[in-house]
Amino acid sequence: MGVEQMVGKYSIEVTSNYTRYFLTVERNITVIQGRSATGKSELIRLLTSYETDGISSGVIVRSDVPIHVVDSRQWEILIQSYSKCIIFIDETADFVKSEDFARLVQKNNNYFVIVNRDPLKQLSYSIEEIYGFRVSHESQKYHGAYRVYNELYHLYHLTPGSSIAPTKVITEDTNSGFTFFQKLFNEKCIAAGGKSRVVDKLDELDSGEDVLLIVDGAAFGSEIARVIRYLYNHQMNCAVYAPESFEYLLLRAGFVSVSKKMLEETYNYADSARYISWEDFYTSVLIRESQGTVYRYSKQRLNSAYLSDASVTKVKREIPPQIKV
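Reading the values: the criteria
- Residues numbered from 1 in each chain as written.
- Predicted model: local features only at pLDDT ≥ 70, side-chain atom pairs only at ≥ 80, totals over all residues.
- Heavy atoms only, no water.
- Helix = DSSP H or I, 4+ residues; strand = E, 2+ residues; numbered from the N terminus.
- Rg over C-alpha atoms; globule rule 2.2 N^0.38 Å.
- Buried < 20%, exposed > 50% of the residue type's maximum accessible area, 1.4 Å probe, protein only.
- Contact = heavy atoms within 4.5 Å.
- Areas by Shrake-Rupley, 256 points an atom, 1.4 Å probe, with all protein chains shown as cover.
- Lys, Arg positive; Asp, Glu negative; His and termini not counted.
- Charge placed at Lys NZ, Arg CZ, Asp CG, Glu CD.
- 1 Å grid on protein atoms, 1.4 Å probe; cavity = no way out; pocket = protein on both sides within 12 Å on 5 of 7 lines; lining within 4 Å.
- Points joined across faces, edges and corners; volume = space filled by probe spheres on them.
- Salt bridge = Lys/Arg side-chain N within 4 Å of Asp/Glu carboxyl O.
- Phe/Tyr/Trp six-rings, centres within 6.5 Å; stacked < 30°, edge-to-face > 60°.
- Axes fitted to C-alpha atoms, helices over the stretch in contact; angles between N-to-C directions.
- Parallel < 35°, antiparallel > 145°, perpendicular 65-115°, else oblique.
- Expected span 1.5 Å × (residues − 1).
- Pairing = 2+ DSSP bridges.
- Right-handed = clockwise from strand over helix to strand, strands pointing away.
- Left-handed = near helix turned anticlockwise from the far one by under 90°.
- Nonpolar A, V, L, I, M, F, W, Y, C, P; charged D, E, K, R; others polar.

The subject of this paragraph is the overall build of the protein chain. In terms of helices and strands, the protein chain carries 10 helices and 14 strands. The C-alpha atoms of the protein chain give a radius of gyration of 21 Å, which matches the 20 Å a tight globule of 325 residues would have. Oriented by its inertia axes, the alpha-carbon framework of the protein chain measures out at about 65 × 50 × 35 Å. Every one of the 325 residues in the protein chain was classed for burial, and the buried ones make up 53%. For the protein chain, the share of sequence-separated contacts (at least 6 apart) that also reach a separation of at least 24 residues comes to 67%. Accessible area for the protein chain stands at about 15,500 Å²; split by element, carbon and sulfur atoms hold 46% of it. Distance from the positive charge centre (37 side chains) to the negative charge centre (40 side chains) of the protein chain: 4 Å.

Here is the structure:
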């Protein structure tokens, strides 16, 4: 018998006599960040109390799937014993930074909500799933989750209403995405050679460049804080364009036939037991659906059919109008 699927979008509400939390999770990894005294550890404490003592703890937890808190005690055994659950882990648990934990999380049929102020470089998680807690102005008791990196057409570090005509374009990797964007932007386009090398590549540029950085948003969560901090510190005129992935753009452009619902509600399709991230899911779908067609896809080497003028035009329609090509 195969491993059960873990898909879906889940709202979690945690309430006690003096506080209330609300969070929605829809991917295999969600990260909660924020400064001290913003309520992160208190959330873990309430969930732990409820798991230990149930209703008698004075805590009410509303969720459509079971919730567990895992600390440093026998964490590996506990995680392996759970199925189709949401597992919360506090920042005091050092194992979240280990390679053993990274291997265990990959293709696991649980969702993980990790409280941690530091980037988790060994994990693949989305820019869109990094949250903080905002305390309601009306009631100091209410903690609503908000995205740390708010999006405007998935464009970051642009003033609302502004645009960018890049003199230099950096892509995260050297694979098919780079080949396409090099066709689109010509000699302006260079490759960073991996997400961990993006800041190094930015540092090589002249301060007067107008830079467009293109990354796979579905798996760039561990690096986005470092990039944004670099841009602010160096006052670089740079916009970060973070679509889910290059494969996601190709699927949206309609090179193969997939349902619009699958792209809009990916949380109902991207089984965490099969896919490391939504980037992995989109790549798998595109490879599968393009088999036997002129658009047969390979992540390592881009099919020339995607580089025709007509194909480039189709993808350009999916790029935000603030980016001047």
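Let us now look at empty space enclosed by the protein. Inspection of every chain in the model, using the stated rule, returns 5 cavities of 30 Å³ or more. Considered as a void within the structure, the largest cavity measures approximately 150 Å³ in volume. If you go around the largest cavity, you meet 18 residues; those closest to its centre are Asp173, Gly177, Phe178, Asp216 and Phe246. Every element with two or more residues in the lining of the largest cavity is listed here: helix H4 (176–185) and helix H7 (246–253). Sorting elements by how many residues they give to the lining of the largest cavity places H4 first, with 4 residues.

Attention shifts here to the pattern of salt bridges. This model, assessed by the stated rule, comprises 18 salt bridges. A salt bridge links Lys260 to Glu264; the shortest N-O distance between them is 3.7 Å. Taken together, the residues Lys260 and Glu264, both in helix H8 (residues 260–264) and 4 residues apart, mark about one turn of the helix. Residue Lys260 shares its accessibility class with Glu264, and that shared class is exposed. Of the charged contacts, one joins Glu289 and Arg288 as a salt bridge, the two residues approaching to 3.1 Å between their closest N and O atoms. Assessed through its relative accessible area of 32%, Glu289 is described here as partly exposed. Through salt bridges with shared partners, a single network forms among Glu13, Arg20 and Arg62.

By convention here, two paired aromatic rings are described through the distance between centres and the angle between planes. Inspection of every chain in the model, using the stated rule, returns 16 aromatic pairs. Their ring planes at 70° and their centres at 6.1 Å tell us that Trp75 and Phe101 sit as a pair that is edge-to-face. With Trp75 in helix H2 (residues 75–81) and Phe101 in helix H3 (residues 99–105), this residue pair connects regions lying 26 residues apart in the sequence. Taking the relative accessible area as the measure of exposure, Phe101 reaches 0% and is therefore buried. Between Phe180 and Phe246, the aromatic rings sit 5.6 Å apart at their centres with planes inclined by 40°, giving tilted as the arrangement. Of the two residues, Phe180 sits in helix H4 while Phe246 sits in helix H7, which places them 66 residues apart along the sequence. Given a relative accessible area of 0%, Phe180 falls into the buried group. Taking relative accessible area as the criterion, Phe246 reaches 6% and is therefore assigned buried. Of the aromatic side chains, those joined through ring pairs into one cluster are Trp75, Phe95, Phe101 and Phe112.

In this section: the packing of H4 against helix H10 (residues 309–316). Interaxial distance between H4 and H10 falls to 11 Å at its minimum, and their mutual angle equals 95°. Accordingly, the angle class assigned to the pair H4 and H10 is roughly perpendicular. Two secondary-structure elements touch here, H4 through Phe180, Lys183 and Leu184 and H10 through Asp309, Val312, Val315 and Lys316.

This paragraph deals with helix H1 (residues 40–53). When the terminal C-alpha atoms of H1 are compared, their 20 Å separation across 14 residues agrees well with the 20 Å that a helix rising 1.5 Å per residue should span. By the burial criterion, the buried members of H1 are Lys40, Leu43, Ile44, Leu46, Leu47 and Ser49. The positive-phi residue at the C-terminal boundary of H1 is Gly54, with phi of around 65°.

Turning next to the pairing of strand E14 (residues 238–241). Burial of E14 is two-sided: the residues Cys238 and Val240 facing one way and the residues Ala239 and Tyr241 facing the other way are all buried. Two strands pair when backbone bridges link them, and strand E13 (residues 211–214) and E14 are joined in this way by 4 bridges, in the parallel orientation. The residue bridging Val211 from the neighbouring strand is Cys238, located in E14. In terms of handedness, the path from E13 via helix H6 (residues 221–234) over to E14 forms a crossover that is right-handed.

Topologically, Val69 is positioned in strand E5 (residues 67–69). When residues no more than four places from it in sequence are discounted, the contact partners of Val69 are Ile44, Leu47, Thr48, Glu51 and Phe88.

Attention now goes to the packing of H7 against helix H9 (residues 278–290). Where H7 contacts H9, the axes come no closer than 8 Å and their chain directions differ by 50°. Accordingly, the angle class assigned to the pair H7 and H9 is oblique. Our pair here, H7 against H9, has a crossing hand that is left-handed. Residues Glu247, Tyr248, Leu250 and Leu251 of H7 touch H9, and the partners they reach there are Tyr282, Thr283, Val285 and Leu286. Grouping the constituent residues of the contact of H7 with H9 by class yields 6 nonpolar, 1 polar and 1 charged.

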